Each structure stands twice: as structure tokens, then as C-alpha cells.
Amino acid sequence: MPNDELPDIGLGTWQNTDPERCARSVATALDAGYRHVDTAQHYGNEEHVGDGIAAASVRREEVTVATKVHPEDTGLGYDDVLGAAATSCDRLGVDYLDLLYVHWPVGDYEASETLAALEELVDRGTVGHIGVSNFSVDLLEEARAALDDPLFAHQVEMHPLLQQQELVAYAQEHGHYLVAYSPLARGTVTEIPEIRAVAEKHAISEPQVSLAWLLSKDNVVVIPKSATEAHITANLQAANVELDEEDIAAIDDIDREKRFVERPGAPWLDG
Ligand SMILES: NC(=O)c1ccc[n+]([C@@H]2O[C@H](COP(=O)([O-])OP(=O)(O)OC[C@H]3O[C@@H](n4cnc5c(N)ncnc54)[C@H](OP(=O)(O)O)[C@@H]3O)[C@@H](O)[C@H]2O)c1
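Keep in mind that this is a model prediction, so the values were computed, not measured.

A.B. asks: Any chance you could break down the packing of aromatic side chains for me, citing the residues and the numbers?
C.D. replies: In the structure shown here, the tally under the stated rule is four aromatic pairs. A centroid spacing of 5.8 Å and a plane angle of 55 degrees characterise the contact between Trp104 and Trp268, whose relative ring orientation is tilted. Of the two residues, Trp104 sits in the loop between strand 4 (97–102) and helix 4 (111–124) while Trp268 sits in the segment after helix 10 (245–252), which places them 164 residues apart along the sequence. Looking at Trp104, the relative accessible area reads 7%, which means it is buried. Judged by relative accessible area, which is 24%, Trp268 ranks as partly exposed. In this arrangement the basic side chain of Arg60 is found over the ring face of Tyr96, its NZ or CZ atom lying 3.9 Å from the centre. For Arg263, the ring lying beneath its charged end belongs to Trp104, and the centroid distance is 5.8 Å.

Here it is, written out as C-alpha cells:
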């Protein structure tokens, strides 16, 4: 049975491609208490993630396994998506995926066709929940109109330098998760003075501040990537950090913006 709730903190795995290190970091995370692992066909590491899940002392049913179908790797046509899900299950060594995302709404993405394939996979029991990634509000509206099943999660870049107020409000209004990717601003949160000040005040690390700030927003969960054991365990402890209203306001008030993840055709680009 797929898991119906996303834990606050999951493990990201982008660029974690060394087979042994990737498997070890996934197993370390699960043994430390993580219950959500985020991968994608495009990351080229589904097999290693699967090895990590198999090596951990945690039953597969307890883990939310999330992956993504990619417009260029397989295409997003109806049959492409059905085939891609089967391939992901094989590589991950699982017989269902808790969460399958459309990785990017570009290329041959068509809401009616791509999402119909995801619904078929839900009907077959191959996929538990439907997710989309890197969508705009307009694309979310179109997706929700095309779907009979609820939209479960929208995965998008979010951190103190890209606060995504509109997409957070949309997730809260419509009751899906906003899964914050690059929640550590790709490791650069350590350089943000406002984050440093809060970290010093509470004697915690800047990554923990960033994660706790994200988790202070309703419907937001986080998927920090780490292949370093000390970081994996420290990031999980962010779930126990309570920031006060003053800390949250100081971070909310950051008005500089920096986006780290781009690709041609992304919905936020003009034209
Ligand atoms: N849907 C999409 O299009 C999309 C795009 C980007 C990312 N994602 C997902 O989101 C996940 C997270 O995003 P991300 O990988 O871009 O970046 P991130 O999680 O913001 O940052 C990862 C970087 O921070 C470092 N780090 C982690 N914990 C740390 C700590 N406690 N102290 C210091 N440094 C720390 C990591 O190094 P170490 O490994 O050495 O700890 C790594 O260099 C990805 O892995 C992927 O699963 C999805």
C-alpha cells in the first residue's frame, strides 16, 4: 500500500551517482529515521537508490519512494509514461512507486495525455500518488482540471532566496504538498547573513535554519540532498528545531532572489 502522507524531511539524491556512496547514503538515511527518498530517472541512480532501500533495516512499505518521468529520457506521451513507470520499478527493485512526478512540463508534455497515463498507473496500483514538478499556477490549474484523482504534490525549488509565496499559497488552498527542492540553496545557505544570524542565536547550523524555516510553512516538506553521513543526520534533526516568530519574520523579509535550477522552456522563462 502506498504511503498517504509525506514526512517533513526526505532525502534528495540528485548528483549522488557513485553506486556505493549513493546506496550507502540512502541506507544511512533510512536507518537514521528518514522515510522518504526522492530520485528521478534523469538522475541515473535509481538502481543505487534501490540498493540502499534494500540494504536498510526498514521495511519497504514504510518508505515513500518518489521518482520522476522525464520529457527527454522517455518522453511524456501516454505509452512512454506507462513504460517509464515499469522501468523505474525495475531499477528501484520495488513493485509500486508511492509517488511519480512529471519532472518538467516541457517537450511533449500534454496535460490530458500525460496525466491520463499517471491515472492509469494509479488504477493499476503501480503508482500511489500523482505529482508534478516545476509547474506554474496556470499549469497547476490545467493539471487539476485534467485530473480526476487529486494532485498529491508539487515539487519546486524553494529556499530563503526563492520563497515561492504564490505556489505555497496555492498548495495550501488546494491541499497538496509543496515539496521544496534545493532547500539548502544547493549548499549556499551558509553564506546568507540573515540565516547565519538565526543559526548563531540558536546555536544550530545554517542548513538546519533553512529547513526549519521551510517547515514552518503549512503544506511544505523538504528534500535536502546529502551523501555525507554527518549532514544526513544533522538535516533530519531540523524537524525538531522551533524557530520563533522573530526568526521567521527575519527570513521572510529577505528580498534578494536567486534561482539555482534552470532549463530551456521552464515555465518561469519568458517566451
Ligand atoms: N524536480 C526537480 O527538477 C529537482 C531539481 C533539483 C533538485 N531536486 C531534488 O531536490 C533535492 C535537493 O536539492 P539539491 O540537491 O539541488 O540541493 P540542496 O539539497 O539544496 O543542497 C545539496 C548540497 O548541500 C550540501 N549539504 C547537505 N546538507 C548539508 C549540511 N548539513 N551542511 C553543509 N552542507 C550540506 C550537500 O553536500 P553533501 O552531499 O556533502 O552533504 C550538497 O552539496 C535533489 O537532490 C533532488 O532530489 C529536484
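A.B. asks: Let's hear about the packing of helix 4 against helix 5 (residues 137–146): which residues, and what values?
C.D. replies: Where helix 4 contacts helix 5, the two axes come as close as 9 Å, and the packing angle between them is 55 degrees. When the interaxial angle is binned, helix 4 and helix 5 end up oblique. Along this stretch, helix 4 crosses helix 5, giving a crossing that reads as right-handed. When helix 4 is examined against helix 5, the residues Ala111, Leu115 and Glu119 are found in contact with a partner set consisting of Glu142, Ala143 and Ala146. In the contact of helix 4 with helix 5, the residues fall into four nonpolar, no polar and two charged.

A.B. asks: How would you sum up the pattern of salt bridges? Please name residues and give values.
C.D. replies: This structure, assessed with the given rule, holds 13 salt bridges. Of the charged contacts, one joins Arg59 and Glu62 as a salt bridge, the two residues approaching to 3.4 Å between their closest N and O atoms. On the accessibility criterion, Glu62 (33% relative accessible area) is partly exposed. Note that Lys201 is salt-bridged to Asp244, the shortest N-O span being 3.0 Å.

A.B. asks: Describe unusual backbone geometry, and please don't skip the residues or the numbers.
C.D. replies: The phi torsion at Ala185 lies on the positive side, around 50 degrees, for a residue other than glycine. The residue Ala185 is located in the loop between strand 7 (177–181) and helix 7 (193–202) in this model. In the Ramachandran plot, Ala203 falls in the positive-phi region, its phi being about 55 degrees despite a non-glycine side chain. Counting through the fold element by element, Ala203 comes out in the loop between helix 7 and helix 8 (206–215). Taking relative accessible area as the criterion, Ala203 reaches 71% and is therefore assigned exposed.

A.B. asks: Explain the layout of surface pockets to me, using residue names and the numbers behind them.
C.D. replies: Approximately 700 Å³ is the volume found for the largest pocket. Along the wall of the largest pocket there are 33 residues; nearest its centre are Trp14, Gln15, Ser182, Arg186 and Lys225. Of the residues assigned to the lining of the largest pocket, the class counts are eleven nonpolar, 16 polar and six charged. As a volume, the second largest pocket reaches approximately 300 Å³. Lining the second largest pocket are 15 residues, and of these Gln164, Glu166, Leu167, Arg259 and Trp268 lie nearest its centre. Counting residues per element, the ones that place at least two in the lining of the second largest pocket are helix 5 and helix 6 (165–174). Residue contributions to the lining of the second largest pocket peak at three residues, all from helix 6. Considering only residue class, the lining of the second largest pocket consists of seven nonpolar, four polar and four charged.

Cut-off values and rules
- Residues numbered from 1 in each chain as written.
- Predicted model: local features only at pLDDT ≥ 70, side-chain atom pairs only at ≥ 80, totals over all residues.
- Heavy atoms only, no water.
- Phe/Tyr/Trp six-rings, centres within 6.5 Å; stacked < 30°, edge-to-face > 60°.
- Helix = DSSP H or I, 4+ residues; strand = E, 2+ residues; numbered from the N terminus.
- Buried < 20%, exposed > 50% of the residue type's maximum accessible area, 1.4 Å probe, protein only.
- Lys NZ or Arg CZ within 6 Å of the ring centre and 35° of its normal.
- Axes fitted to C-alpha atoms, helices over the stretch in contact; angles between N-to-C directions.
- Parallel < 35°, antiparallel > 145°, perpendicular 65-115°, else oblique.
- Left-handed = near helix turned anticlockwise from the far one by under 90°.
- Contact = heavy atoms within 4.5 Å.
- Nonpolar A, V, L, I, M, F, W, Y, C, P; charged D, E, K, R; others polar.
- Salt bridge = Lys/Arg side-chain N within 4 Å of Asp/Glu carboxyl O.
- 1 Å grid on protein atoms, 1.4 Å probe; cavity = no way out; pocket = protein on both sides within 12 Å on 5 of 7 lines; lining within 4 Å.
- Points joined across faces, edges and corners; volume = space filled by probe spheres on them.

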